[in-house]
Amino acid sequence: MTAPTTAGPFGALREQLTAAASAFAGSSGAVAEILAGMVDDVDRALAEELEIFPVCHHSPSSALAMVRRLRAKQPKVIYLELCEDLQPLLGELRNCRLPVAVQAFASELDGFPADWGPLSVVAPITEASAEYQAIAYALETPGVELVLVDRSTDHVFQWLPRPPGTVDEAPSGGDVEAAAPAGEEAALHGDAVGVEIGDLRPRFAELEAYLLHHGKVRHWSEWWDQYVEQPLADADHDTYRQVMVLIGSLFRRLRPAGSERQDRDEDRERHMWTRMRQHLAASGADPADCLYVCGAFHAASRVEQFGLAADAPFEVGPRTGTRWHYGLIPSSHSAIEAQFGLAPGSVSIAAATWTKAVARTGLSPFRLEGQRGGRTRGSGRRRATPAPGPAAEVADRLSGYLAAPPVAQGLDEAELRGWCVDIVRLARRNGYLASTADAIAVFETSILLAGLRNRARPTPYDFADAAVTCIEKDVVPGRRDVRRLCEILFGGDRVGQVGYEALPPLARDVHDRLGPLGLDLEKRTIQRALVDLRANPELVPCSDLLWRLRHLLPRDAVRPIMGERRLGHRSIQESWDLALGRSQRALIELGYEGVTVEQVLEQRLRRAVRGPNATASVALEAVEDAIRLLDSPRLVDELGTRAVELLAAERTVDDAPEVLRRIRRLLAHHRATGPLPAWCEAFVTTGYAHYCTLLPSAFLDEESGVRQVGAMLGFLFSMESLALSLGCDRSQLELAVAQSHPEVPAKVALLWAARHQLGLLPLAELRERCAALLANPLVVPAFPQYLSGFVQALEPVPGLAPFVVEVMSSAFARLPDPVLLPWLPTLITTLREHGAELVPLLVREAGRTFPGSLAALDAWVPPWSASAAPPAPAVPAVVSGPVSSLLAAHPQSVDAVAALLGCDGGWREPGATATVVPAGLTALLAAHPETVDAVADLLAATPR
């Protein structure tokens, strides 16, 4: 580093600061080097051939100085520190109401980690900002060129640190310290990375804490307003430039060395100076007619590419293959504060300060022609614009500014009184019992707080603290916070809006297609739409579009109040709450994905089934959405075929319950509307074979729950008839059940139910096994798990419902209270966890089983405990005739039937004519002799 020189306009100031450092620090070491370096940075920035205009983002003093300088210099070229690929969007600001944010958005990434997506970059713009004044001047003044020179949005993410060997994490906040959004307005920017001009904040934590402590303020925004904004509001151009560069140099030198953020800042500066030199060489513009607008932090740059005379090369790398979409989204003061870590209300106070300063100074700020909101361009008083003269020599204004005492500003009682009256009015409107006495208290407390903080007049921050102290006496749910009311008083509830002409094609198409509803969709209020599809069939397209938007947009943007759309059902009357004005950002970002809502919906459904986390249940859900929302059989077949592929590729059964629920619903729909499509048949056959293969391992796997195994069995048993008709083999299921050997009690009960359904375990034997479990005191504590398995078995074997009621009733009847009472909580929690949706089936079955009145309960005998009726005694009867003779002569048929039925015994001895026949059979034949007579006549007519 070269030794500081005492020459130049700032030589005296450099010597004075060096002497002060030696006197106070005891040596002329690091402190003197920092102070002298700050003066050198100011000297270097002001001596540059290209005029550098340092600014701070959302600073009223910067905006006022920008207006004055633009009217005095009237530059022909303005270089602006903003992402270079955002330039085509700036003209669309005419169709918007500020504040809005310029956005770059990418959902399909190429060259970035997949888990970073979607990527979003926003640059918020307010009227009280220097960059907006420069943009408005350049776009509304003929012959003026605006050039954005900062790195592209693609490079914003390329330059983010990605340490080797670590997992890439999605960026949050980007170049600034983002605060957690609070509330609807604060979430307008979402998780986008914010880009701003002039991030002036100490990057040395101890320095910021020191300034806040000795400034007697709580937030950095309050310190900046008191010690920078107010003193510079009426400063001349030279003083403003020198002070801002000095502050930028101070924060730049007092920051941690070697940080990754420092490297990115320097790369940005190299990029900007390289782009400006390239543009000057290509256009041939005179640097004297150019103005470089950048943050004060970058104005004190010390990179080797600084200045037009520098020849140090800088290679700008290529962009990735990511396709970026650009547009404007609504913003708000709260969203800007939340994203950039500013104190709540600071941007609102800056806007109020700007409005008051414009009215006080008589300046006419620049506005885009046709800009909505605020005054029209050219309105208000206009001071005479001086003709641009030759550039004046740089003079030292810092010495006088730093040595001069602060300008004493008297108390503006009218302004403070207006604030107090307005805040009391707002408080009463929002449920506070505020009165005139509270207004007086706020007035006096504001003056008191300003005096305690060494301020000649109360600032909006003092006023907000006084209002909270005097009005917020207690906290009641449902009321607005008083501090928030103060922000609203200064314009904090102002939310920007993107005009119809600046919307992407999809958003304009949505507004046009919903026009028949007769609603103003640009309003931020919730509007009610009543749709009678029977009386007004022309509204059917509107209804279809609303259901598609319901699927794509946030839940509070399009909300159905009455009506539903499910498979095979459409309501004839619908009622909707629409808040598209509030969800304009989501609608605009939807327009980045396609031209129409239908195209975006189709793309998202395809993306859902092709993604890395796609499962069979996700694909079936996509099929349902395609049937409900899109009339496209081709898409349904494509998604269904993909569902078959995903099911065959799955190695777990975690989604078996969801798969069963959805495929049942889809099969019922297709059976009601026509023949089954080919993909449905393939899904059933594939699922039958797939679940038969996985069944034995699922019974043993500890990670497979009872619900999942029950759903597998439900699929196999409920789809069995269809699967067999399509060519599946039932023996595959029998083998799978035979190979299953579970150890968990609940799965054991499921296996018993499956064997019973297959006919391998009779109900009597199943009843005996449950009775043995209840009789074993070692098994009783685990019996609720068996019951849980039986409850889950109601999915594949619904006929077991009476048996489950019987088992549960037997347990309550047989177990003693010392065993039953500790057992009940486990039973309840087990049923709630594993069979909540199946418990109503048990309740209905119990209602059919148990008596309906208390009187009948005493005489009621459970059907499973009633003794069986004794068989009727056999009544001997003599049977003779041609039938007996015929059967005795040809016994082969009777022997075969007896063997098939498992009957023991043999034929009577020859000569015996009497046979014992049950009395019931005799009575039946006597009551209906026609059949016997007909057989006898047939046998008599047969030749022997």
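Here the structure is a predicted model, which means the values were calculated and not measured.

A. View of helix α7 (residues 220–232). Along its 13 residues, α7 runs 17 Å from first to last C-alpha, staying within 8% of the 18 Å computed at 1.5 Å per residue. Of all the bends found along α7, the most pronounced is centred on Q226 and spans about 35 degrees. Counting buried positions along α7 yields 10 of 13 residues, so the element is predominantly enclosed. Inspection of α7 places W220, S221, E222, W223, W224, D225, Q226, V228, E229 and L232 among the buried residues, and these make up the whole buried set.

B. Summary view of helix α16 (residues 460–471). For α16, spanning 12 residues, the distance from its first C-alpha to its last is 16 Å, which sits close to the expected 16 Å at 1.5 Å a residue. Considered for burial, the residues of α16 that qualify are P460, Y461, D462, F463, A464, D465, A466, A467, C470 and I471. Looking at the buried residues of α16, the elements they touch are α7, α12 (346–361), α14 (413–429), α15 (436–452) and α17 (482–489).

C. Structural context of a nonpolar patch on the surface. Among the surface-exposed residues, V897, L900 and L901 lie close enough to one another that they form a single nonpolar patch of about 350 Å² accessible area. Among the secondary structure elements, V897 is positioned in helix α37 (residues 892–901). Looking at V897, the relative accessible area reads 47%, which means it is partly exposed.

D. Spatial organisation of the packing of helix α18 (residues 505–513) against helix α20 (residues 584–591). Orientation of α18 relative to α20, taken along the N-to-C sense of each, is 120 degrees, at an axis distance of 7 Å. Here α18 lies oblique to α20, going by the angle between them. Along the contact surface, α18 presents L506, A507, V510 and H511, while α20 presents L587, L590 and G591. When grouped by side-chain class, the residues that make up the contact of α18 with α20 number 5 nonpolar, 2 polar and no charged.

E. Region of the structure containing the pattern of salt bridges. Counted according to the given criterion, the structure contains 41 salt bridges. When the shortest N-O distance is used, the salt bridge between R607 and E593 registers 4.0 Å. Taken as a pair, R607 in helix α21 (residues 597–610) and E593 in the loop between α20 and α21 lie far apart in primary sequence, 14 residues in all. Using a relative accessible area of 14% as the deciding quantity, one classes E593 as buried. A salt bridge links R661 to E658; the nearest nitrogen and oxygen atoms lie 2.3 Å apart. On the criterion of helical spacing, the pair formed by R661 and E658 is a turn pair, its members being 3 residues apart in helix α24 (residues 656–673). Look at R661 and you get partly exposed, because its relative accessible area is 38%. The network of salt bridges with shared partners includes E624, E658, R661, R662 and R665.

F. View of the nonpolar core. Within the largest apolar cluster, 226 residues are counted, with the highest numbers of intra-cluster contacts made by Y79, F157, Y292, L514 and F683. It is helix α25 (residues 678–700) that contributes the most residues to this core, 11 residues altogether. Y79 has contacts with L50, V147, V149, M276, H279, L280, C290, L291, Y292 and V293, leaving out every residue within four places of it along the chain. In terms of nonpolar packing, the next biggest core, distinct from the first, is built from 26 residues, I423, V424, Y432 and V442 among them.

G. Highlighting the sheet that holds strand β15 (residues 573–578). Spatially, β11-β15-β12 is the arrangement adopted by the 3 strands of the open sheet, whose pairing is antiparallel. Two strands bound the open sheet, and with one partner strand each, they are β11 (527–532) and β12 (558–562). When strand polarity is set aside, the average angle formed by the axes of neighbouring strands in this sheet is 25 degrees.

Cut-offs applied
- Throughout, residues of each chain are indexed from 1 in the direction in which the sequence is written.
- Only residues with pLDDT of 70 or above have their local features reported here, since the model is predicted, and side-chain atom pairs are shown and tallied only from 80 upward, although totals for entire chains, interfaces and linings are computed over all residues.
- Here the side-chain values reflect all heavy atoms present in the structure, with hydrogen atoms and water set aside.
- The helix and strand labels rest on DSSP assignments: H or I over at least four residues marks a helix, E over at least two residues marks a strand, and numbering proceeds from the N terminus.
- A helix is expected to span 1.5 Å for every residue after the first.
- We define the bend at each residue as the angle formed by axes fitted to the 7 residues ending at it and the 7 residues starting at it.
- Type-normalised accessible area, obtained with a 1.4 Å probe on protein chains alone, sets the label of each residue: buried when under 20%, exposed when over 50%, and partly exposed for intermediate values.
- Any pair of residues with heavy atoms lying within 4.5 Å of one another is described as a contacting pair.
- Candidates for patches are residues over 30% relative accessible area with no salt bridge; among them, like charges are joined within 9 Å and nonpolar side chains (Val, Leu, Ile, Met, Phe, Trp, Tyr) within 5 Å.
- The protein chains shown are the only cover counted for residues, whose accessible areas, like all others here, come from Shrake-Rupley with a 1.4 Å probe.
- When a carboxyl oxygen of Asp or Glu lies within 4 Å of a side-chain nitrogen of Lys or Arg, that pair is called a salt bridge.
- Axis angles are defined between N-to-C directions and span 0 to 180 degrees, where every axis is a line fitted to C-alpha atoms and, for a helix, only to the segment in contact.
- The scheme is simple: roughly parallel for angles under 35 degrees, roughly antiparallel for over 145, roughly perpendicular for 65 to 115, oblique for anything else.
- Amino acids are sorted into nonpolar (Ala, Val, Leu, Ile, Met, Phe, Trp, Tyr, Cys and Pro), charged (Asp, Glu, Lys and Arg) and polar (every other residue, Gly among them).
- Among buried residues, the Ala, Val, Leu, Ile, Met, Phe, Trp, Tyr and Cys ones that are joined through side-chain atoms within 4.5 Å form a nonpolar core.
- Any two strands with at least two DSSP bridges between them are considered paired.

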